[in-house]
Structure formats: structure tokens, C-alpha cells
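Overview (structure and organization)
The primary structure of each chain is shown beneath.
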Amino acid sequence: MELFNWFDVISVALTFLAIVIVQVLNVYLHILDDNTSGKTIDVVDTALAKECRSEEAPSSPVSSILTTPPKPNKNGKLEKQTSLLDSDSHEDEDTLSLENLFPCDQTEIYASRKISFIIDELIQTEVNYVNNLKKGLANYGNLATVEDLPEGLRGEQRQQLLLGNVSEILELHEREILPLMLRNQRDLKGLFDEFAGHFEKNNFYCYVSFTMGKKSSMQLRQDHREWLQAYQTTIKDKLGIDSFLVQPIQRLTRYPLLLQQFISEFYKSGISCKPVLTAVCKLETRMRRALDVVNQAEEIPNIDELNELDLLQLGNFRRATEFDAQHFPTRKKYRAKIFLFDRCLVCTEVRKKRLAYRQHYHWEHVELQRPLELTASNANKIINLLVKQQDKDKPGSGASGSGKREEYSFVAAEASVVKQWLHATHKIIEIARNEHAQRNTFSLPMDLVLGVGLAIWLIWQYL
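First, a word on scope: everything that follows refers to the structure included in this document. Since the model is a prediction, treat every value here as computed from it, not as a measurement.

Considering the overall build of the protein
Within the protein, the regular secondary structure consists of 15 helices and 8 strands. Counting across all 463 residues of the protein, residues that qualify as buried make up 47%. Excluding contacts between residues fewer than 6 apart, the proportion of contacts in the protein whose partners are at least 24 apart in sequence is 68%. With an accessible surface of roughly 25,100 Å², the protein has 54% of that area assigned to carbon and sulfur atoms.

Spelled out as C-alpha cells, the structure:
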């Protein structure tokens, strides 16, 4: 009996051919979307993209939001101004060296007693950190079960305000960071590279979230200080909740200090294992950048009248930068601090020790532009923010048909500040582009494709 005939083969082949065509069209539409969506959302000009590549950037007309962000050059003096946005595009000068592609003999490193002590301290303090977080959550993570718990501490929301996202931080270190340290004790390059990967993937953003909730937690603890001290005595906790909740920031600060000690001893010992040195320097840079963003995030809860914004809807916080600002509609000049989020730009006025909220703008509604009438040296320090105005007389007109008005002029003391700020902006735009592409992409999972093909063949055979 003949199992297959030409009719069966052709029918199955046509089915799979149709599925392949759908996938090819999907890829084509994805590429077409990348090339055309910039006409709808304009933010940064081409000259700003070139700014991140060279010290002298010419002025040019405004281009689209979908401009691919360039890689920044290394500049040690500017590292403190670099945020988590810069992590995955950072390039150390030795990273591409051929000798970094081959393993080196690390015996010489472990022969140094001081370096071995630093590595042991890094791992042992990580173990202690995880244990302390687990103990703290055991003591204060189930306050709802305590009989005399004050009304102000009752409820899941109050518990979240009190402890923040400590449980998320514990999960990161218990499941990821501590295991990678233990399995790479004898492979320092692997340890440093894996560790740096978590910063590049923004896994340490949980510390930014923790810092933004610190003010609310401190206020809640202050309001219930007497009860918390009595409870601390009852459970015989020697340190208390304050010492428990300060540990995450202390730990994040401790990492770069230990790595700086490692690098210093590495040079003093004259060790020639360059791949390890490159890896540890890269990791130390990323840690300091992450710490800068965490420190900047502490100011966000201090912004007056920010209650009208839902921070969770703004996306991840990326960086904060101070400028001398001029608001064109009101002709007011003041010292401003600009906070960049994935979906929004927030403008605040610096008033001594506090920040006053002024405006916020979603990225799809603004453009950043260079003043063309100024000299190159002055233009490198200035950014003009333009707001797109939709033509109300033309219903349905999109952003591409909108007019623009000058809203702000931001002036920095140094051109390097603007350069780093623009690089952060490019990274945010890239994130927006990826999200936009994913929302407009139709994709069929391969298991579904194969399942449908098999089902069609079986139905054709037995019906």
C-alpha cells in the first residue's frame, strides 16, 4: 500500500510554504517598521548622534527617534556622569585585544596573599550579606502575624512601604550573585565577566527602586519608633530594623571598594594576567555607574508636587543632570535638574535643598535640537527642547504633521555634561524603539507552526 502520493506531498508542502511566507513577511514588516516609524516619532537630530562619537559635532536638521545610538569613547574623567544606560555600550581600550580572548595562568594571582584575601573577603561578605537579609526578613517580614501590631503598620501596602523590595534584592543575590561567586572562585575572569553581565542586563535596578522608597520607609519607622524598639527587644534582635534596611546600600557601596583594592594589589604585585585585569576594571566601572544612578534616585521622592505622576508608569529611572534652564513660555530662568525615565522627561527647579516640580514631557511629544546660530563651542553646551503641537484644525493629524514650539533651553557648564546626557537620551530612545517594534510585530511561535502543520497533515490523511 502506498503511504504517500503526490497530492499529499503537494498539500503538505503548500501548507509549510504558506507558513514560511508568513514568517518572511513578518521579518520584512519588522524591518519596514524600523525604517518608517521614525517619521512618526521625532526626538533627536543626527548631529546629536555624531556628538557621542567625536568631540566636535556639526549642527544638522532634526532626524528621527529611531537613530541607532553610537558607542561612547572611554573617558575616565566622565565616568561618574555615566548611568546604567551606558553599561552595555561601554568599551574598555583593552577589551578587543587578542590576548584577552585566550585564558591566562591565574596561579600567579592566587599566589598573592593580599589578593587571595580580597577575593575571600568578597565571597565571605556576600555570604554574610545574604544571611543577614534572610534573617532581617524573618524578623520583620511577617509583622502581620504580631498581635499588638499598630494600625499604622497593618496591611500589605504598609508592609511594602516599610521594607521596600528587600525580598527582590535577596532573591538576586541568593540565586544569582552568590552562586556565580562560589562556582568561579578559581576563575576570576569568569567571575568578573558574569558579575558585569548582571549590571549590563540592569538586574541591579532593584537597588534604584529600593532607594526611591527609602524616604517613605524612614518616615514610617519614625512614626512607630517606640513599638519597633519594643518589638526588637521581644525578638532579641541586637541590630534592629534600621541596621537591617541600611545593609543593601552599604553592600552596593562596598563592591567597588573591594575591587579597587584588588586592582591596586594587582599592579603592585606586577602580575601579567591582562584578561583578568580588563575584566575587573570593566566590572568596577559598571558598579560605580550603578551607584551613581542609585544616589541620583534618592532625590526623586524629594521632588515637591510630584504626586500627580505615577512613577511606575514612567518606566525605569536612568539619570539626573543639572542645567541652567530657560522656560520660553514664561521667560523664566532658573537652575534646573532634569530626570530621565524610559518614557518621560521630568523638569524640576532647584531651590536650595529641595526640588520643585515644573513640567514633564513624554518622549514622543518632544524634540531635542542644537541652536544653529551659535558658535560650535557654545552650541556644544546647549540643548533646546521643542514640544510638538498637533494641528487641531486637521482632525486625525499625527505627530508628523504637527508644528513645534520652543519650550526649554538647557545650558550646561561643560560640553562633556551635554555629551553624556545625550548618550543617555539615545539609549532611552533605543529602548522606546525596541518596545515600539515588539508591539507592532506579528510572530508565530515555531512549536505552533509545527503543530499546525502536523495537524493539517493528519486531518488530510484520515478524513
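Re the pattern of salt bridges
Under the defined criterion, the tally for this structure stands at 23 salt bridges. Its salt-bridge partner being Glu 349, residue Arg 351 comes within 3.5 Å of it at the nearest N-O pair. A relative accessible area of 31% places Arg 351 in the partly exposed class. According to the relative accessible area criterion, Glu 349 is buried, its value standing at 8%. Each member of the salt-bridge network shares a partner with another, and the members are Glu 299, Glu 322, Asp 324, Arg 335 and Lys 337.

Some details on helix α11 (residues 241-269)
Here α11 is 29 residues long and its end C-alpha atoms lie 42 Å apart, about the 42 Å a rise of 1.5 Å per residue gives. Note on α11: the residue one or two positions beyond its end, Gly 270, has a positive phi of about 70°.

Focus: the packing of helix α5 (residues 156-163) against helix α9 (residues 214-223)
Contact pair α5 / α9: the axes reach a minimum separation of 7 Å and the direction vectors enclose 105°. When the interaxial angle is binned, α5 and α9 end up roughly perpendicular. On the side of α5, the interface is formed by Arg 158, Leu 161 and Leu 162, while α9 contributes Ser 216, Ser 217, Leu 220 and Arg 221. Across the contact of α5 with α9, the residue classes break down as 3 nonpolar, 2 polar and 2 charged.

Section: helix α12 (residues 274-297)
Counted at 1.5 Å a residue, the expected span for α12 with its 24 residues is 34 Å, and the 35 Å between its end C-alpha atoms agrees. Most of α12 sits inside the fold, with 21 of its 24 residues counted as buried.

Focus: the side chain of Glu 407
With respect to the helices and strands, the residue Glu 407 is situated in strand β8 (residues 403-411). Overall, Glu 407 belongs to the buried group, its relative accessible area being 4%.

Remarks on the environment of Leu 137
Inspection of the secondary structure assignment puts Leu 137 in helix α4 (residues 113-140). C-alpha of Leu 137 to C-alpha of Leu 163: the two residues are 26 residues apart in sequence and 8.6 Å apart in space.

Examining the packing of aromatic side chains
Taken as a whole and judged by the stated rule, the model has 17 aromatic pairs. A ring pair is formed by Phe 195 and Phe 199, whose centres lie 5.8 Å apart and whose planes are at 35°; its orientation type is tilted. Here Phe 199 and Phe 195 lie together in helix α7 (residues 188-200), a separation of 4 residues that amounts to about one turn. Seen in terms of ring centroids, Phe 410 and Trp 421 are 6.4 Å apart; in terms of plane orientation they differ by 65°. Their pairing is edge-to-face. Of this pair, Phe 410 sits in strand β8 while Trp 421 is found in helix α14 (residues 415-439), placing the two residues 11 residues apart along the sequence. Owing to a relative accessible area of 0%, Trp 421 belongs among the buried residues under this scheme. Between the NZ or CZ atom of Arg 186 and the centre of the ring of Tyr 110, over which it lies, the distance is 3.8 Å.

Points about the pairing of strand β2 (residues 317-327)
Both faces of the sheet carry side chains from a regular strand, because those side chains alternate between them. Across the 11 residues of β2, 8 count as buried, placing the element largely inside the fold. When β2 meets strand β3 (residues 332-341), the two strands line up antiparallel, connected through 10 bridges. Its bridge partner being in β3, Glu 322 is matched across the sheet by Lys 337. Once β2 ends, the chain turns through 4 residues before running back antiparallel as β3, passing Arg 331 with a positive phi of about 60°.

About the cut-offs
- Residue numbers restart at each chain and count upward from 1, following the sequence in its written direction.
- In view of the model being predicted, local features appear only for residues whose pLDDT reaches at least 70, and side-chain atom pairs are presented and counted only at 80 or more, with totals across whole chains, interfaces and linings using the full set of residues.
- Here the side-chain values reflect all heavy atoms present in the structure, with hydrogen atoms and water set aside.
- Here a strand is any run of E in DSSP of at least two residues, a helix any run of H or I of at least four, and the numbering for each starts at the N terminus.
- Here's how the labels work: a residue is buried when its accessible area is under 20% of the maximum for its type, exposed when over 50%, partly exposed in between, all with a 1.4 Å probe on protein chains only.
- Here, two residues are considered to be in contact whenever any of their heavy atoms come within 4.5 Å of each other.
- Only the protein chains shown count as covering a residue, and every accessible area follows the Shrake-Rupley method with a 1.4 Å probe.
- Within this document, salt bridges are pairs made up of a side-chain nitrogen of Lys or Arg and a carboxyl oxygen of Asp or Glu, the two lying within 4 Å of each other.
- Any helix carries an expected span of 1.5 Å times its number of residues minus one.
- Fitted lines through C-alpha atoms serve as axes, helices being fitted only where they are in contact, and the angles separating the N-to-C directions of these axes extend from 0 to 180 degrees.
- Each angle receives one of four descriptions, namely roughly parallel if under 35 degrees, roughly antiparallel if over 145, roughly perpendicular if within 65 to 115, and oblique otherwise.
- Three classes are used, and their members are as follows: Ala, Val, Leu, Ile, Met, Phe, Trp, Tyr, Cys and Pro are nonpolar, Asp, Glu, Lys and Arg are charged, and the others, Gly among them, are polar.
- Only the six-membered ring of Trp is used, alongside the rings of Phe and Tyr, when aromatic pairs are assigned; centres must lie within 6.5 Å, and planes under 30 degrees apart are stacked while those over 60 apart are edge-to-face, with the rest tilted.
- Two limits define a charge over a ring: the Lys NZ or Arg CZ must be within 6 Å of the ring centre, and within 35 degrees of the ring normal.
- For two strands to count as paired, DSSP must find a minimum of two bridges between them.

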